[in-house]
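# Reading the structure
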Amino acid sequence: MSGAPKPIQINEELEWCAPAYVRSFMAAYWQYGTAHGASAQASVGYLKLYAQSISENMEAIAQDTADGISNYLNRYNVGTDNSVDEYKIIYFLGRSILKYLPDFDVLKGVHLFVMVGLLDFRLQKLGIYKPQLVTAVTSLIRTGLSVFDSELGLTGCYLIFKCVSTTERNEVAEHLPETEKLRGTGLDVERGPLLDRVTNVQ
Amino acid sequence: MNDAQLTAQLAADVLESVANLPPIIVKTVDFENANATNSRNEAFVASLNSDEHLVGDCFLKGA
């Protein structure tokens, strides 16, 4: 892809994704709260605080989301058409909202559950079910937000879900000749013990 | 107002705050060989608004 830089307006994406976070937060908090004995009153209180934090900081959150996506696209040399895919909007909006939430671990933790839940929901709509992946990432969140950040960094969580979503396309590689599979890996492409070992890995 | 109504109201408030935004722009530089990424999937966006129960089910795994 080449040509002039393409500025992309993401207001329409924010219009579906920001309310989705609010709706999903309540569902997520009910489940979290049920497991941890939280009262219904606390759940409603957190929901109001959550939505208020987003509404009052929407412009800053939106700008931060755009900056996050811009940095990602330019850092990884990824072009785009005239809109941004759902994984980026869900992930980068989620990371931006996190910055503007009050400093309550429960609020931030459940918010990240929501982010992972929305990414998982996107996969499910493609017929891809990865419960172990979701369990692993949410376990990381429960361990602590700093651990989540240190393990997955700025874009790791996004990249995992995005790459899983393209698994079906990757299956094409299974039908390539062995030499094509290993091209660019630095491994000896001549068949031998090493190649047998590599290709036998499940 | 029950919880579902409250949630809907708060989601509408957030939507209104989005509607009042100025244009929010993602900027890309000019690449010679950039990899194309996917564009928005309208079917998913529609399902996100209609299958709220399914969105909630996602979190059973992590709660």
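Residues numbered from 1 in each chain as written. Chains lettered and ligands numbered in written order. Predicted model: local features only at pLDDT ≥ 70, side-chain atom pairs only at ≥ 80, totals over all residues.

## Let's talk about the overall build of chain B
To be explicit about the condition: Only DSSP runs of H or I covering at least 4 residues are called helices, and only runs of E covering at least 2 are called strands; the numbering of each starts at the N terminus. Field definition: a residue is buried when 20 or more other C-beta atoms are found within 10 Å of its C-beta, exposed when 12 or fewer are, and partly exposed for counts in between, with C-beta atoms placed from the backbone.
The helix and strand inventory of chain B stands at 3 helices and 2 strands. When each of the 63 residues of chain B is scored for burial, the buried share is 21%.

## Some thoughts on helix 2 (residues 40–56) of chain A
For an α-helix the count is 3.6 residues per turn, leaving residues at separations of three or four pointing the same way. Convention followed: In this scheme, a helix's expected span is set at 1.5 Å multiplied by one less than its residue total. To be clear, the arc concerns the directions from the helix axis to the C-beta atoms. Whether two residues are in contact is decided by their C-beta atoms, placed from the backbone, lying within 7 Å.
An ideal rise of 1.5 Å per residue puts 24 Å on 17 residues; helix 2 of chain A measures up with 24 Å between its terminal C-alpha atoms. Within helix 2 of chain A the residues assigned to the buried category are A:Y46, A:L47, A:Y50, A:A51 and A:I54. The arc that holds the buried residues of helix 2 of chain A, viewed along the axis, is 125 degrees, so those residues lie on one side. Away from its buried face by more than 90 degrees, helix 2 of chain A exposes A:Q41, A:K48 and A:E56. Those residues of helix 2 of chain A hidden inside the fold are in contact with helix 1 (11–36), helix 3 (58–75), helix 4 (86–99) and helix 5 (105–124) of chain A together with helix 1 (3–19) of chain B.

## As for the packing of helix 3 of chain A against helix 4 of chain A
Relative placement of two packed helices is described by the angle separating their axes and the distance separating the axes. All names here are of chain A. Note the threshold: A fitted line through C-alpha atoms represents every axis, and for helices the fit uses only the stretch in contact; the resulting angles, taken between N-to-C directions, go from 0 to 180 degrees. Relative orientations are named as follows: roughly parallel for angles under 35 degrees, roughly antiparallel for angles over 145 degrees, roughly perpendicular for angles from 65 to 115 degrees, and oblique for any other angle. Crossing handedness: left-handed means the near helix sits turned counterclockwise from the far one by under a right angle, and right-handed means the same turn made clockwise. Polar here means any residue outside two lists: the nonpolar Ala, Val, Leu, Ile, Met, Phe, Trp, Tyr, Cys and Pro, and the charged Asp, Glu, Lys and Arg; Gly therefore counts as polar.
Contact pair helix 3 / helix 4: the axes reach a minimum separation of 8 Å and the direction vectors enclose 130 degrees. In terms of orientation, helix 3 and helix 4 fall into the oblique class. Like other packed secondary-structure pairs, helix 3 and helix 4 cross with a definite hand, here right-handed. Facing I61, D64, T65, G68, I69 and Y72 of helix 3, the residues of helix 4 in contact are K88, F92, L93, R95, S96, I97 and K99. Split by residue class, the contact of helix 3 with helix 4 holds 6 nonpolar, 3 polar and 4 charged.

## Some words on the nonpolar core
The following threshold applies: A set of buried Ala, Val, Leu, Ile, Met, Phe, Trp, Tyr and Cys residues, joined through C-beta atoms within 7 Å, is what we mean by a nonpolar core.
By size, the foremost hydrophobic cluster in this structure holds 58 residues, and its most contacted members are A:V22, A:F25, A:I54, A:I90 and A:L119. Breaking this core down by element, the ones donating at least two residues are helix 1, helix 2, helix 3, helix 4, helix 5, helix 6 (131–143) and helix 8 (156–165) of chain A together with helix 1 of chain B. Take this core: its biggest share by element is 12 residues, from helix 1 of chain A. In contact with A:F25, other than residues within four places in its own chain, are A:L47, A:Y50, A:V110, A:H111 and A:V114.

## Some remarks on the packing of helix 4 of chain A against helix 5 of chain A
All names here are of chain A. Axis separation between helix 4 and helix 5 bottoms out at 10 Å; the angle between their running directions is 175 degrees. Our classification of the angle between helix 4 and helix 5 gives roughly antiparallel. Touching E86, Y87, I90, Y91, G94, I97 and L98 of helix 4 are K108, H111, L112, M115, L118, L119 and R122, all from helix 5. Residues belonging to the contact of helix 4 with helix 5 are distributed by class as follows: 9 nonpolar, 2 polar and 3 charged.

## As for the confidence of the model for chain B
Our working definition: Confidence of the predictor in every single residue is expressed as pLDDT, which spans 0 to 100.
With 59% of its residues at a pLDDT of at least 70, chain B reaches an overall mean of 74. For this predicted complex, the interface confidence reaches an ipTM of 0.78, while the overall pTM sits at 0.81.

## Here we look at the environment of A:I8
Residues and elements named next belong to chain A. Here I8 lies in strand 1 (residues 8–9). Take I8: there are 21 C-beta atoms within 10 Å of it, and that puts it in the buried class. Between the C-alpha atom of I8 and that of V84, which follows or precedes it by 76 residues, the distance is 7.9 Å.

## Description of the environment of B:L48
Among the structural elements, B:L48 can be located in helix 2 (residues 42–50). Sequence separation of B:L48 and B:L15 is 33 residues, and the distance between their C-alpha atoms is 15 Å.

## Thoughts on the environment of A:D105
Inspection of the secondary structure puts A:D105 in helix 5. Given 9 C-beta atoms within a 10 Å radius, A:D105 is considered exposed.

## A short note on the confidence of the model for chain A
Counting all residues, the mean pLDDT for chain A is 80, and 78% of those residues have values of 70 or more. Within chain A, the element-level pLDDT minimum falls on helix 11 (residues 193–200) of chain A, averaging 40, and the maximum on helix 4 of chain A, averaging 96.

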